[in-house]
Amino acid sequence: MNFSGYTSPGPWLNLYDELPDELEPLMAIVKNLLIHPVETHRYGIRVTPQRERVLGQLLTAEQMLSDLFQTPPVSLVAERSPYHRLVKTCDFQTVLFTSFAQFKGYEIRTRCGFAGYIAPGQWFHHWVNELRRPFFDEWTFVDCDRRCFPARETFRPGAEWWALKNTPAVSPLKDYRFRGMDAVKHAILDDFNARNGHELLHYRWLAPHAPERAPALFRTAYTQLSANQLQQLAQIVEATLADNDEQLAALFRSPSYYRAMVPNPN
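The shown structure was predicted, so the numbers you read here are calculated from the model rather than taken from an experiment.

**Q** Mind showing me how you'd approach the overall build of the protein here?
**A** Check the secondary structure of the protein and you find nine helices and six strands. For the protein, the C-alpha radius of gyration of 18 Å lies close to 18 Å, the compact-globule estimate for 266 residues. When its C-alpha atoms are laid out on the principal axes, the protein stretches across 55 × 45 × 40 Å. Here the protein holds 266 residues, and 50% of them are scored as buried. Roughly 12700 Å² of accessible area belongs to the protein as shown, and the carbon and sulfur atoms make up 51% of that amount.

**Q** Can you walk me through the pattern of salt bridges in this structure?
**A** Side chains that differ in charge, positive against negative, can pair when their charged atoms come close. Scanning the model with the defined rule gives 13 salt bridges in all. Asp67 is paired through a salt bridge with Arg51; the nearest N and O atoms lie 2.6 Å apart. With Asp67 in helix H3 (residues 61-68) and Arg51 in helix H2 (residues 49-56), the pair connects residues that are 16 residues apart, well separated along the chain. Its relative accessible area of 11% is what places Asp67 among the buried residues. Residue Asp243 pairs with Arg109 through a salt bridge whose shortest N-O separation is 3.2 Å. Here Arg109 lies in strand S3 (residues 107-115) and Asp243 lies in the loop between helix H8 (227-241) and helix H9 (245-252), a separation of 134 residues in the sequence. In this structure Asp243 comes out as partly exposed when scored by relative accessible area, which is 32%.

**Q** How should the pairing of strand S4 (residues 124-132) be read in this particular structure?
**A** Remember that side chains alternate between the two faces of the sheet whenever the strand is regular. Of all nine residues making up S4, seven are buried, and the element is well covered by its neighbours. Bridging between S3 and S4 involves nine bridges; their strand directions are antiparallel. By the bridge assignment, Phe114 is partnered in S4 with His125. The sheet contact formed by S4 and strand S5 (residues 140-142) spans three bridges and is antiparallel. Directly across from Asn129, in S5, lies its bridge partner Val142.

**Q** Whenever I open this one, the sheet that holds strand S6 (residues 155-157) confuses me. Can you help?
**A** Pairing between sheet strands relies on hydrogen bonds along the backbone, with the strands arranged either parallel or antiparallel. An order of S5-S4-S3-S6 is seen for the four strands of this open sheet, with the pairing classed as antiparallel. Each edge of the sheet is formed by a strand with only one pairing partner; in this case those strands are S5 and S6. Averaged over all pairs of adjacent strands, the angle between their axes in this sheet comes to 50°, without regard to strand direction.

**Q** Quick question: what am I supposed to make of the packing of aromatic side chains here?
**A** Aromatic ring pairs are reported here in terms of the distance separating the ring centres and the angle at which the planes meet. Enumeration according to the criterion identifies 15 aromatic pairs in this entry. Relative to Phe103, the ring of Tyr16 has its centre 5.4 Å away and its plane inclined at 85°; by these criteria the two rings are edge-to-face. With Tyr16 in the segment before helix H1 (23-33) and Phe103 in helix H4 (residues 90-103), this pair connects stretches of sequence that are 87 residues apart. Among the aromatic side chains, those forming a connected cluster through ring pairs are Phe192, Trp205, Phe218, Phe252 and Tyr257. Taking the ring centre of Phe92 as reference, the NZ or CZ of Lys88 above it sits at 3.8 Å. It is Arg152 that lies over the ring of Phe141; its NZ or CZ is 4.2 Å from the centre.

**Q** What should I look at first to understand the pairing of S3 in this one?
**A** In terms of burial, S3 is largely enclosed, as eight of its nine residues are buried. Bridging between S3 and S6 involves three bridges; their strand directions are antiparallel. Counterpart to Ala115 in the pairing with S6 is Phe155.

**Q** It is not clear to me how the state of the cysteines should be interpreted in this structure. Could you clarify?
**A** By definition, a disulfide is the covalent link that joins the sulfur atoms of two cysteine residues. Tallied over the entire structure, the rule returns zero disulfides. Sulfur of Cys112: no disulfide; nearest cysteine sulfur belongs to Cys90 and is 7.9 Å away. For Cys112, a relative accessible area of 0% puts it in the buried group.

**Q** Quick question: what am I supposed to make of unusual backbone geometry here?
**A** If a residue is not glycine, its phi is most likely negative; likewise, a peptide bond is most likely trans. Between Pro72 and the following residue, Pro73, the backbone shows a cis peptide bond with an omega angle of 5°. Relative to the helices and strands, Pro73 is located in the loop between H3 and strand S2 (86-87). Of note in the backbone geometry, Arg147 takes a positive phi value of approximately 50° without being a glycine. Its location among the elements puts Arg147 in the loop between S5 and S6. Overall, Arg147 belongs to the partly exposed group, its relative accessible area being 49%. Even without a glycine there, the phi angle at Asp243 is positive, about 55°.

Scoring rules and cut-offs
- Residues numbered from 1 in each chain as written.
- Predicted model: local features only at pLDDT ≥ 70, side-chain atom pairs only at ≥ 80, totals over all residues.
- Heavy atoms only, no water.
- Helix = DSSP H or I, 4+ residues; strand = E, 2+ residues; numbered from the N terminus.
- Rg over C-alpha atoms; globule rule 2.2 N^0.38 Å.
- Buried < 20%, exposed > 50% of the residue type's maximum accessible area, 1.4 Å probe, protein only.
- Areas by Shrake-Rupley, 256 points an atom, 1.4 Å probe, with all protein chains shown as cover.
- Salt bridge = Lys/Arg side-chain N within 4 Å of Asp/Glu carboxyl O.
- Pairing = 2+ DSSP bridges.
- Axes fitted to C-alpha atoms, helices over the stretch in contact; angles between N-to-C directions.
- Phe/Tyr/Trp six-rings, centres within 6.5 Å; stacked < 30°, edge-to-face > 60°.
- Lys NZ or Arg CZ within 6 Å of the ring centre and 35° of its normal.
- Disulfide = S-S within 2.5 Å.

As structure tokens, then:
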């Protein structure tokens, strides 16, 4: 097991013995524990502002499970009512799935980019997992939220959009706060953080009290980036596309990036 600060289950590790070995049942367990905000209307679930604030503070597998198990059953595999699940988006679902798969011995990582399989002709900001089965060299995408295995050409991590930065293909892209190349830039950096074991670090940097402590590369609008910052972003893209873990780790630890705000997730 190689848990990160975000995927570690903490005191709930003993419950992981309940988990099945196969990927599809693991995805089903995540969906039994978490419900995406777009699905809440099906059940008439309303999240109060107070509950939204609590949910926004649950950034790790340990925190999610600790909140979840305030309501029984204290089990990963027992059926839970939709009303007793955590309302969490796809990035949190990937982190919990990563935690489960790491425990089961899978080589797995979290990826951020844009998915072209959710709606015809559109690319949506999305998080998936990338998994390498034992004795195989190729990585396979796993979408826990939609419980499918996307074809490689239908999911493009943030770095793959860098080459399209001067084309119309980028302008329709958007994520939770940004559009166009700013959405691409944040997908690149979110993916970069995830590749370095800081899967949900962007929530720390987007918090109202924290932007001034986030790296300049993260908080500066794309059109305002300096030549040095654009070069730094290009280096991240190059290392990501080359799947160069050593270079990605070195870039993450660089004074202009790592020193900014990398807190203990808990």
